[in-house]
Amino acid sequence: MARSLLRSSLVVVGLFLAGQAHAADPCADYVPQERPQNVGRDVVGQELDVLMDQGHMLFAVYENYPPYSWEEDGKPTGVDIDIAKLIAEDLGIEARFNFVTAGENLEADLRNNIWLGPVVGGRVSNVMMRIPYDSAFKCRVEHVVFTGQYASESIAIAFDKESYPDEKPVPAYFRFDSVAVENDSISDFYLSSFAGGQLGRNVQRFADMQAAMGALTSGEAKAAMGPLAQLEFGLTDGSDVHQPPLAGFAVSKWTLGVAVNFRYRPLSYAVDDAVLAALQDGRIAKIYENYGLSFQPPER
């Protein structure tokens, strides 16, 4: 599924770069992007004062992506929804949401939702949530300001407690035991290459982490590997989660923030101020707690 592939690329494109060797200057190989020409205000975004006058702003969030963003009985819900509302409230305006599907990679998502707009239909948003931060990647996408770093995410392993009553599983266990992953995710890539590919026959791939955790709950798999928050959200009384050391995993933790069109610096500053205040007073940590999730502070 394209959505699945993009969520992988949110990490693979934006994050595996961080595990590679870079020159001292992460922008040393920077090539300027073509700047949008002859586009209207409704295409490239809006100034902060316009948003204040109209009383609302639009946030791009991924559709059907619990525990981060999804619709329940027609109502937007999830961690990213609540953080977006917090940002808008700090600005004194209303948060509205544009649920978007994943493109082929993170750069395409930013182009379609922040600085240019989709080829057919739709419009850009003022802010896009859940953007992995990487200093080298930001040099490649100069139309976007990466700001408002509000949390970190990391890889973990969920497991069936009855199957592992004494020791919690580590990747080496999956030479013999089944493990569920999201297809084309960094967990899939890691386990598929672990120990020269010896785990391959026991790695079960699913369209998303909801399905992977469903396999763990049903007993189809003994474990599941993926982002901690998604694993925690799918836990039952019979399962648990832990984070063992992962040998050879270049990037098992990353920082998340938001994206704003490069033309609207005042908006990006206001968003960053709102996020920082909510980090300092514990409101963002409380949002994670409300969904039964562990809050991992960003590395700001």
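Criteria and thresholds
Residues numbered from 1 in each chain as written. Predicted model: local features only at pLDDT ≥ 70, side-chain atom pairs only at ≥ 80, totals over all residues. Heavy atoms only, no water. Helix = DSSP H or I, 4+ residues; strand = E, 2+ residues; numbered from the N terminus. Buried < 20%, exposed > 50% of the residue type's maximum accessible area, 1.4 Å probe, protein only. Contact = heavy atoms within 4.5 Å. Areas by Shrake-Rupley, 256 points an atom, 1.4 Å probe, with all protein chains shown as cover. Axes fitted to C-alpha atoms, helices over the stretch in contact; angles between N-to-C directions. Parallel < 35°, antiparallel > 145°, perpendicular 65-115°, else oblique. Left-handed = near helix turned anticlockwise from the far one by under 90°. Pairing = 2+ DSSP bridges. Expected span 1.5 Å × (residues − 1). Arc of directions from axis to C-beta. Phe/Tyr/Trp six-rings, centres within 6.5 Å; stacked < 30°, edge-to-face > 60°. Lys NZ or Arg CZ within 6 Å of the ring centre and 35° of its normal. Polar contact = N/O pair within 3.5 Å; in protein donor to acceptor, adjacent residues only side chain to side chain.

By the naming in an unreviewed UniProt entry, the chain is Amino acid ABC transporter substrate-binding protein, PAAT family, taken from Litoreibacter janthinus.

Novice: So what exactly am I meant to see when it comes to the overall build of the chain here?
Specialist: Counting its secondary structure elements, the chain contains 11 helices and 11 strands. Buried positions account for 53% of the 300 residues belonging to the chain. Residue pairs in contact within the chain that sit at least 24 positions apart in sequence constitute 76% of those at least 6 positions apart. As presented, the chain carries roughly 13300 Å² of accessible surface, and 48% of it is formed by carbon and sulfur atoms.

Novice: Whenever I open this one, the packing of helix H4 (residues 79-91) against helix H10 (residues 265-280) confuses me. Can you help?
Specialist: For any two helices packed against each other, one specifies the inter-axial angle together with the distance between the axes. Put simply, H4 and H10 touch, their axes get as near as 9 Å, and they point 110° apart. Judged by the inter-axis angle, H4 sits roughly perpendicular to H10. In the crossing of H4 with H10, the sense of the turn from one axis to the other is right-handed. The segment H4 lies against H10, with Leu86, Ile87, Asp90 and Leu91 engaging Leu267, Ala270, Val271, Ala274, Val275 and Ala278.

Novice: What is the right way to read the pairing of strand S5 (residues 127-132) from this model?
Specialist: Residues in a regular strand point their side chains to alternate faces of the sheet. Within S5, 6 of the 6 residues are buried, leaving the element largely enclosed by the surrounding structure. Summarising the sheet, strand S1 (residues 56-62) and S5 pair through 2 bridges and their orientation is parallel. What sits directly across from Ala60, in S5, is Met128. Note that S5 and strand S11 (residues 253-261) share 4 bridges and pair antiparallel.

Novice: Looking at this structure, how should I read the environment of Phe249?
Specialist: Structurally, Phe249 can be placed in the loop between strand S10 (239-242) and S11. For the pair Phe249 and Leu191, spaced 58 residues apart in sequence, the C-alpha separation works out to 9.9 Å. For Phe249, the contacting residues outside a window of four places in its chain are Ile155, Ile186, Tyr190 and Met225.

Novice: Would you mind going over H10 with me for this structure?
Specialist: Spacing of three or four residues puts side chains on the same side of an α-helix, whose turn is 3.6 residues. Between the first and last C-alpha of H10 there are 22 Å, a value that for 16 residues agrees with the 22 Å anticipated at 1.5 Å per step. Taken together, the buried positions of H10 are occupied by Leu267, Ser268, Ala270, Val271, Ala274, Val275 and Ala278. Down the axis of H10, the smallest arc covering the buried residues is 165°, so these residues share one side. Set apart from the buried face of H10 by more than 90 degrees, the exposed residues are Tyr269, Asp273 and Gln280. Phi turns positive one or two residues past the end of H10, at Gly282, with a value near 85°.

Novice: Can you walk me through the packing of aromatic side chains in this structure?
Specialist: Working definition: an aromatic ring pair is given by the centre-to-centre distance plus the angle between the planes. Tallied over the entire structure, the rule returns 10 aromatic pairs. For the ring pair Tyr62 and Tyr65, a centre distance of 6.0 Å and an interplane angle of 85° mean the geometry is edge-to-face. Taking 6.1 Å as the distance between ring centres and 45° as the angle between the ring planes, the aromatic pair formed by Tyr164 and Tyr173 counts as tilted. Of the residues examined, Tyr164 reaches a relative accessible area of 7% and is grouped as buried. Joined through ring pairs, the aromatic side chains of Tyr62, Tyr65 and Tyr68 make up one cluster. Lying across the ring of Tyr68, Arg130 places its NZ or CZ 3.5 Å from the centre.

Novice: In this structure, what is going on with unusual backbone geometry? I would like to understand it.
Specialist: Glycine aside, residues mostly have negative phi angles, and peptide bonds mostly take the trans form. The linkage connecting Pro66 with the following residue, Pro67, adopts the cis geometry, with an omega of 5°. Even without a glycine there, the phi angle at Arg130 is positive, about 60°. Assignment of secondary structure puts Arg130 in strand S5. Overall, Arg130 belongs to the buried group, its relative accessible area being 4%. A positive phi angle, close to 65°, is found at Asp184, a residue other than glycine. Structurally, the position occupied by Asp184 is in the loop between strand S7 (179-182) and helix H7 (186-193).

Novice: Help me understand the side chain of Asn261, please; the structure alone is not making it clear to me.
Specialist: Tracing the backbone through its elements, the reader meets Asn261 in strand S11. Of the residues examined, Asn261 reaches a relative accessible area of 2% and is grouped as buried. Engagement of the side chain of Asn261 in a polar contact is seen with the backbone oxygen of Ile114, the distance being 3.2 Å. A polar side-chain atom of Asn261 sits 2.8 Å from the main-chain amide nitrogen of Arg263.

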